[in-house]
Amino acid sequence: MVSFVLRRLAISVVTLIGISMALFALTRFIPGDPVSMYFNPLTFEGDREAAVEAVRARLGLNDPIPVQYIAWVREIFNGNMGFSMITGRPVTELIADRLPATIYLMGVSTVIAIVLGITGGIIAALRKNTIVDYATLLGALGLVSVPSFFIALLAIYIFGLKLGWLPTAGINVPNGGWGDAIRHLILPAGIMGISGSVGYIRWARSSMLDVLDQDYMVTARSKGLSRPRVVLQHGLRNALIPLVTILSMSIPSLFGGSVVIEQLFAWPGTGRMAIDAISNRDYPVVMGFVMITTILVLVCNLLADITYALVDPRIRL
Amino acid sequence: MSRARSLAKIAGVALIAALTFAACTPPGSSPEPGASPTDASSSTQAGGDLRYHLYQAPTTFSPFHATNGADGEIAGLHFRPLMVTQGEDYHGILAKEWEVSDDLTTFTFTLQETNWSDGTPFTSADVLYTFETFAAPATASGFSGRLGGVKGLTDFQEGKADTITGLTAPDDHTVVIELDAPNVGFMTGLGTLIIVPKHIYGDIAIDQLQTTPEFREPTVGIGPYIFSRWVTDDQIEFVPNEESFEDHPLDHIYAQYLAGDVARAQLETGEIDIAQIAAADVDAAKAAGINVQAKEGIGVMSLFSALDSGKLADVKVRQAIMYAIDRQSIVDNVLGGNAKIAETLLYQPSWTIPNDLTEYNYDPDKAKALLAEANWDESVEVNLDIVPGQADRDAVMEIIAGQLQAVGINAKLHQVQPAELTTLVEDRKFDLLITILSMSPVEPALANGRFMCGQSLNLAAYCNEELDQLLKEASESADQAVREPLYHDAQRIINRDVPAIPLYVSNQMWGSTDRVQGFDPTIGALTSAQNWTVS
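On a predicted model such as this, the values are computed, not experimentally measured, just so you know. Along each chain, residues carry numbers from 1 onward, in the same order as the chain's sequence is written. Whichever chain is written first is A, and whichever ligand is written first is 1; the rest continue in order. A pLDDT threshold of at least 70 governs which residues receive local features in this predicted model, and a stricter bar of 80 or more applies before side-chain atom pairs are shown or counted, although totals over entire chains, interfaces and linings include all residues. Neither water nor hydrogens contribute to the side-chain values; these are computed over all heavy atoms in the structure.

### Remarks on the interface of chain B and chain A
Logical step 1: Contact criterion: two residues are considered in contact whenever any of their non-hydrogen atoms come within 4.5 Å of each other. Counting residues at the interface gives 65 residues for chain B, matched by 61 residues for chain A.
Logical step 2: What gets called buried area is simply the loss in accessible area from a 1.4 Å probe that two parts show on being joined, summed for both. Summing the contributions of chain B and of chain A, the shared interface buries around 5,400 Å²; its carbon and sulfur component is 61%.
Logical step 3: By definition, a salt bridge exists where a carboxyl oxygen of Asp or Glu is found within 4 Å of a side-chain nitrogen of Lys or Arg. Viewed at the interface, chain A and chain B are joined by 5 salt bridges.
Logical step 4: Residue Arg98(A) pairs with Asp233(B) through a salt bridge whose shortest N-O separation is 2.8 Å.
Logical step 5: At the level of elements, helix H1 (2–22), strand E10 (225–232), strand E11 (235–240), strand E12 (252–257), helix H8 (260–269), helix H14 (418–426) and strand E19 (432–438) of chain B are the ones that each hand at least two residues to the side of chain B that touches chain A.
Logical step 6: Secondary structure elements are defined from DSSP: runs of H or I of at least 4 residues count as helices, runs of E of at least 2 residues count as strands, and each element is numbered from the N terminus. For the side of chain B that touches chain A, the leading source of residues is H1(B), giving 11 residues.
Logical step 7: Considering only residue class, the side of chain B that touches chain A consists of 28 nonpolar, 22 polar and 15 charged. Ten residue types, Ala, Val, Leu, Ile, Met, Phe, Trp, Tyr, Cys and Pro, are classed as nonpolar, four, Asp, Glu, Lys and Arg, as charged, and the remainder, Gly among them, as polar.

### What about the pattern of salt bridges?
Residues and elements named next belong to chain B.
Logical step 1: Taken as a whole and judged by the stated rule, the model has 28 salt bridges over all chains.
Logical step 2: Taking the shortest distance from any N to any O, the salt bridge between glutamate 476 and lysine 472 comes out at 3.2 Å.
Logical step 3: Any residue under 20% of the maximum accessible area for its type is buried, any over 50% is exposed, and the rest in between are partly exposed; the area is computed with a 1.4 Å probe on protein chains only. According to the relative accessible area criterion, glutamate 476 is partly exposed, its value standing at 34%.
Logical step 4: For lysine 472, a relative accessible area of 42% translates into the label partly exposed.

### What to know about the packing of aromatic side chains
Logical step 1: Only the six-membered ring of Trp is used, alongside the rings of Phe and Tyr, when aromatic pairs are assigned; centres must lie within 6.5 Å, and planes under 30 degrees apart are stacked while those over 60 apart are edge-to-face, with the rest tilted. Evaluation of the coordinates by the stated rule reveals 24 aromatic pairs over all chains.
Logical step 2: Taking the centre distance of 6.2 Å and the plane angle of 80° together, the rings of Phe64(B) and Phe215(B) count as edge-to-face. Taken together, the residues span a long stretch of sequence, with Phe64(B) in the loop between strand E1 (49–54) and helix H2 (69–78) and Phe215(B) in helix H7 (residues 213–216) at a distance of 151 residues.
Logical step 3: These aromatic residues form a ring-pair network of at least three members: Phe64(B), Phe79(B), Phe134(B), Phe143(B), Tyr201(B) and Phe215(B).
Logical step 4: One residue, Arg28(A), lies across the ring of Phe24(A), its end atom 3.9 Å from the ring centre. Any Lys NZ or Arg CZ found within 6 Å of a ring centre and within 35 degrees of that ring's normal is scored as a charge over the ring.

### What to know about the domain arrangement of chain B
Residue and element names in this part refer to chain B.
Logical step 1: Here the domain parsing of chain B yields domain 1 (3–220 + 508–534) and domain 2 (299–506).
Logical step 2: Taking the mean C-alpha position of each, domain 1 and domain 2 sit 33 Å from one another.
Logical step 3: Contact with domain 1, which involves 14 residues of that partner, is made by 16 residues of domain 2.
Logical step 4: Summing both sides of the interface, domain 1 and domain 2 together bury roughly 1,000 Å²; the carbon and sulfur share of this comes to 64%.
Logical step 5: Of all residues in domain 1, Glu88, Leu104 and Val184 bury the most surface against domain 2, accounting for 44% of the area lost on that side.
Logical step 6: For the pair domain 1 and domain 2, the number of links is 0 salt bridges.
Logical step 7: Contributions of two or more residues to the side of domain 1 that touches domain 2 are made by strand E4 (89–92), helix H5 (186–191) and strand E21 (508–512).
Logical step 8: Looking at the side of domain 1 that touches domain 2, its residues break down into 5 nonpolar, 7 polar and 2 charged. Domain boundaries shown here were taken from an automatic or database domain assignment.

Below, the structure is given as structure tokens:
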């Protein structure tokens with residue numbers, strides 16, 4: 001088991017290094033230069049070339065890319081992910097500032113998605129090939145087909161503008177309490193939760209259908225157990241085992257946020273930060289953001305692998 | 001099986017723990033700063049909170065590095081400039097009075113006797129420190145050019161002198177600036193620079209100024225409202241500054257970055273009090289009960305071409321393009337009439353414009369004739385370069401593409417990312433780039449850099465020595481009677497040569513809710529918050 005974990009760990013580390021190199025090179029090959037963009041030639045009054053040169057030298061951008069990469073890696077080991085080229089703030093601080101808002105939004109919407117998805121999936125499975133099943137699947141198909149930005153705009157228009165029940169954007173009013181915070185959360189988390197539940201519905205339905213055909217379900221029923229007990233204790237418990245994978249796969253998105261929803265609802269999270277950083281060619285922020293997401297994906301995959309290995313010894317071979 | 005279940009439980013517990021951790025305090029309510037010397041309780045009158053929309057994400061309070069409009073707004077409220085322009089007039093802020101010598105080489109500012117928010121007196125030392133920092137090459141400020149022409153500047157910038165000899169302070173409340181040569185436009189450029197406290201920033205190494213936390217969360221200001229905290233990473237709380245000599249009746253001002261559509265929706269629901277709105281949205285905003293005010297724009301929406309690349313070097317081709325575009329129809333249909341046509345890039349102040357300029361009214365036949373005279377090659381592709389994403393510009397460029405094609409110019413829309421735009425400009429590879437370059441409503445000489453040969457701000461790289469001579473002469477006099485005929489001649493040249501294709505000057509449209517009083521966009525935006533109250 002130990003050698004299995006070590007092997008997986010080694011693969012993860014190599015993957016991480018590979019991704020960081022590729023990403024570092026890619027960000028620098030995108031057309032557009034952050035420093036020359038920062039000193040906009042349309043408005044700069046003064047000696048622009050000297051200013052560009054001074055800042056490029058200060059940021060080490062004149063060095064060859066491999067040299068820059070090594071310097072970047074060295075700083076990472078000192079806990080320094082670099083500084084934003086636009087605001088000059090440390091990348092770690094920028095991400096730490098944005099992370100709570102994203103975890104909060106994504107966490108709540110993931111919980112909504114899971115609860116809705118599993119409930120919907122199980123109901124559809126238990127009522128297989130009935131009108132309930134078809135309606136659930138059709139609803140899910142509809143939701144997955146309509147882009148979330150459209151649903152969001154529609155919801156803002158109806159609940160924010162026309163009915164005036166909910167705020168249109170933002171995470172809270174300044175100095176607001178929990179009541180205000182929850183009101184701000186309902187639309188973005190609700191929309192993401194509902195959109196996100198689609199995958200879970202389909203997964204829970206098929207997983208439940210598999211379980212319902214198992215011999216132990218027949219045994220449970222033949223023992224004379226009540227239907228809820230059969231479904232919840234014997235069926236659901238077994239159907240939920242793959243939840244480990246589903247959960248582990250959704251954790252990176254807890255930190256990565258949603259670009260579209262954060263932008264539409266002016267949610268001060270990491271997704272919005274990433275988009276701004278990319279359009280500003282703010283290399284250090286882009287690198288920091290993607291590296292953190294990459295590490296989370298790798299760690300979660302590693303955990304999932306280990307869990308599977310624990311569950312199914314054949315995988316260790 | 002049981003191990004798998006317990007792992008599932010652990011994962012669940014970890015998720016809940018993460019959520020709980022993230023949720024110790026209500027989101028968006030970072031802790032209030034400690035007892036501030038300038039808390040709201042003893043305010044002059046009214047009180048109340050006001051929410052203001054920033055159309056870009058604010059990044060820094062550093063006036064040296066305020067590269068976007070939002071930075072300029074937040075820095076200009078917390079710190080203050082010596083003066084601002086209002087309409088076609090000057091209005092003193094940190095400068096109580098100013099005087100210009102007859103030969104236009106000496107400028108004397110008399111400063112307000114006031115204190116920084118920590119009680120330290122505001123003096124000429126702060127002004128000198130700020131100006132020198134703007135000028136220092138290590139600051140890499142995009143405004144260093146404003147000090148161009150000050151005596152001793154070159155020696156200072158080349159490291160041969162520690163100070164700029166042309167910047168002096170005879171006493172604590174007087175600053176004197178001497179120039180090498182007369183320049184009537186100098187005062188506006190310099191006077192509107194934002195001043196920072198020397199006792200706070202003077203000890204920070206110049207090349208650290210861009211990244212210092214002191215410009216992220218400035219502790220000392222001088223404006224009517226000063227920075228209190230970042231509510232979120234893109235929302236700022238300002239509180240009244242009790243040391244300020246300007247009015248500060250509100251309890252808080254919240255300045256927040258929002259996308260334009262969100263801001264307009266929030267104006268309607270009252271979540272935002274003041275926001276800029278797109279010209280196309282004006283009617284809908286009025287119908288929703290929003291107060292809409294217009295401010296004349298500060299620049300001409302124009303098409304710039306790299307004349308040095310040769311494609312549009314022939315003046316007849318540029319004139320043909322002027323005739324080929326139906327600008328009146330664009331103003332009426334795309335901008336809802338909230339704009340006016342400009343026949344010259346230097347469109348204000350009004351006294352510079354003679355009444356005999358050629359009006360390039362829509363005339364496709366004339367355009368074709370001019371192109372024929374210029375032996376225009378219809379196979380030459382002309383890129384209409386645009387950074388997409390602004391509804392009015394997108395629509396305008398679509399229309400122009402069609403109208404140019406109709407007269408035989410092979411025009412193609414060419415979309416570029418903001419980050420690619422600078423490269424396009426540096427490589428001189430733009431054929432017709434749509435952009436708006438601001439001009440000063442007060443002092444036309446400030447725009448010299450946009451027209452004179454070899455200047456970095458002269459985007460088109462247009463050059464006409466006769467025009468240079470006129471502009472130079474006009475900037476050496478303060479007497480409007482002398483300057484007016486010179487400018488009239490200059491305008492005729494600009495009008496004839498078409499260094500850029502001027503399209504229209506669109507009004508800036510502002511919306512505010514009923515509870516706001518005293519907001520007048522023609523006086524200023526966030527930087528004139530001293531005039532605002534809420535009911």
